[in-house]
Amino acid sequence: MADAAGSPAIAVMFDVDGTLVDSERDGHRVAFNSAFEELGLADRWSVEDYGELLSTTGGQSRLRRWFSGRGMPAADQDALVPRLHRRKTELFVELVLAGVVPARPGAQQLLDELEAAGVRLAVATTGTAAWVRPLLDRHFGLDRFATVVTGDEVAVTKPDPEVYHLAMSRLGVGTGGAVAVEDSVMGLAAARAAGVRCAVVVNDYTRTHDLSGADLVVDVYAQPGVAATVLSDPHRLRPVDGLDTRVLLALAAL
Ligand code: XBP
Ligand code: MG
């Protein structure tokens, strides 16, 4: 696909949790804990527990890891986990609609700028469509994304590259026409396994991840008056203010 000037259209594929929105500690974790409580379970995830559990992507896999670690037989998990995760998802949607799950500062401006620059926008996430779509719609407008690939559409979630392969196939772009934006080592691994260049915008849970394969690591999206820290810049893109349109276009052009 080419734009009016004949140059190839670029797509930027965004992760959601921790990348476009600050959703894990005060969003998903809270919804999991409320679901435990509603189903009469004594389990509760502290901020610290949850930080460790995040290395397992996908809410159902995360629950299975937790219950396996507590000796729950697989058959009991099969009965409990889907029910628990369904309720967690409903509770998380309520948090989204109540405005409790904020966009990361500067994310909305970046999407606006990319769109104005003719860049196509996409989402590739492990999260479940039932909450991903209302959340994206609330903060950014669902219509602006050319495609939204969610974890329930693929057989294997990140760090497997399947969500990225599906997103690129729907976009009709190859690895040369797309860039990924992620927040974590699992997301970075998925993008790299798909052969896509990847910029990482870390958050408090992911700042200490080993992000050595990333094409860029910063801690913020560019915003007026906010100083950025550059953690890794192997291509010398020199992102003075944090992640912005110029830097993403430069990455796409590498
Ligand atoms: C996000 C996830 C998801 C969310 C919860 O990972 O792993 O599981 O934590 O959403 P990434 P669900 O940002 O790498 O896509 O409960 O819907 O799975
Ligand atoms: Mg993420």
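Please refer to the structure placed before this passage.
Given the structure is predicted, the values throughout are model-derived calculations rather than measurements.

Draft legend 1. Region of interest: the coordination of the magnesium ion (ligand 2). Bound to the magnesium ion (ligand 2) are the protein donor atoms Asp15 (OD), Asp17 (O) and Asp183 (OD), situated 2.1 to 2.3 Å from the metal. Going along the chain, you hit the donors of the magnesium ion (ligand 2) in the pattern D-x1-D-x165-D. Using a relative accessible area of 11% as the deciding quantity, one classes Asp17 as buried.

Draft legend 2. Examining the sheet that holds strand 4 (residues 178-182) more closely. If you trace the 7 strands from one edge of the open sheet to the other, you get 3-2-1-4-5-6-7, paired in mixed fashion. With one partner strand each, in any of the chains shown, strand 3 (145-149) and strand 7 (230-232) form the two edges of the open sheet. Across this sheet, the average inter-strand angle for adjacent strands is 20°, counted without regard to direction. Two elements, strand 5 (residues 197-201) and strand 6 (residues 216-218), share 3 bridges in a ladder whose sense is parallel. Paired with Ala199 across the bridge in strand 6 is Leu216. The sheet strands contacting helix 5 (residues 107-116) are strand 1 (11-14), strand 2 (120-124) and strand 3, and the helix crosses strand 1 at an angle near 160°.

Draft legend 3. Layout of the packing of aromatic side chains. Applying the stated criterion across every chain yields a total of 9 aromatic pairs. Centre to centre, the rings of Phe32 and Trp45 are 4.8 Å apart; their planes meet at 50°, and the pair counts as tilted. Residue Phe32 is found in helix 1 (residues 24-38), and its partner Trp45 is found in the loop between helix 1 and helix 2 (47-53); the two are separated by 13 residues along the sequence. Residue Phe32 shares its accessibility class with Trp45, and that shared class is buried. An angle of 80° between the planes, with centres 6.3 Å apart, marks the rings of Phe36 and Phe67 as edge-to-face. With Phe36 in helix 1 and Phe67 in helix 3 (residues 59-69), this residue pair connects regions lying 31 residues apart in the sequence.

Draft legend 4. Expanded view of the pattern of salt bridges. Applying the stated criterion across every chain yields a total of 10 salt bridges. A salt bridge links Arg64 to Asp78, with the nearest nitrogen and oxygen atoms 3.0 Å apart. One end of the pair, Arg64, is in helix 3; the other, Asp78, is in helix 4 (residues 74-97), and 14 residues separate them in sequence. Given a relative accessible area of 27%, Arg64 falls into the partly exposed group. On the accessibility criterion, Asp78 (44% relative accessible area) is partly exposed. The partner of Glu115 in a salt bridge is Arg144, with the nearest N and O atoms 3.8 Å apart. Residue Glu115 is found in helix 5, and its partner Arg144 is found in the loop between helix 6 (129-139) and strand 3; the two are separated by 29 residues along the sequence. For Glu115, a relative accessible area of 36% gives the class partly exposed.

Thresholds, definitions, all that
Here, residues in each chain are numbered from 1, in the same order as that chain's written sequence. Written order decides the labels, with chains lettered from A and ligands numbered from 1. Per-residue local features are limited, in this predicted model, to residues with pLDDT of at least 70; the limit for side-chain atom pairs, both in listing and counting, is 80 or more; totals at the level of whole chains, interfaces and linings are taken over all residues. The side-chain numbers reported here are obtained from all heavy atoms of the structure, hydrogens and water having been left aside. Note that water is not among the atoms used; donors are N, O and S atoms within 2.8 Å of the metal (3.2 Å for Na, K and Ca), so sites may look incomplete. Partly exposed describes any residue whose relative accessible area lies between the buried limit of under 20% and the exposed limit of over 50%, with all areas from a 1.4 Å probe on protein chains only and scaled to the type maximum. Following DSSP output, two strands are said to pair if at least two bridges run between them. Helix and strand assignments come from DSSP, with helices taken as H or I runs of at least 4 residues and strands as E runs of at least 2, each series counted from the N terminus. Between the N-to-C directions of two axes lies an angle of 0 to 180 degrees, each axis being a line fitted to C-alpha atoms and, for a helix, fitted only over the stretch in contact. Should any heavy atoms of two residues lie within 4.5 Å, those residues are considered in contact. Pairing of aromatic rings covers Phe, Tyr and Trp, the last counted by its six-membered ring, and requires centre-to-centre distances within 6.5 Å; plane angles under 30 degrees mean stacked, over 60 mean edge-to-face, and any other angle means tilted. Criterion for a salt bridge: a side-chain nitrogen of Lys or Arg within 4 Å of a carboxyl oxygen of Asp or Glu.

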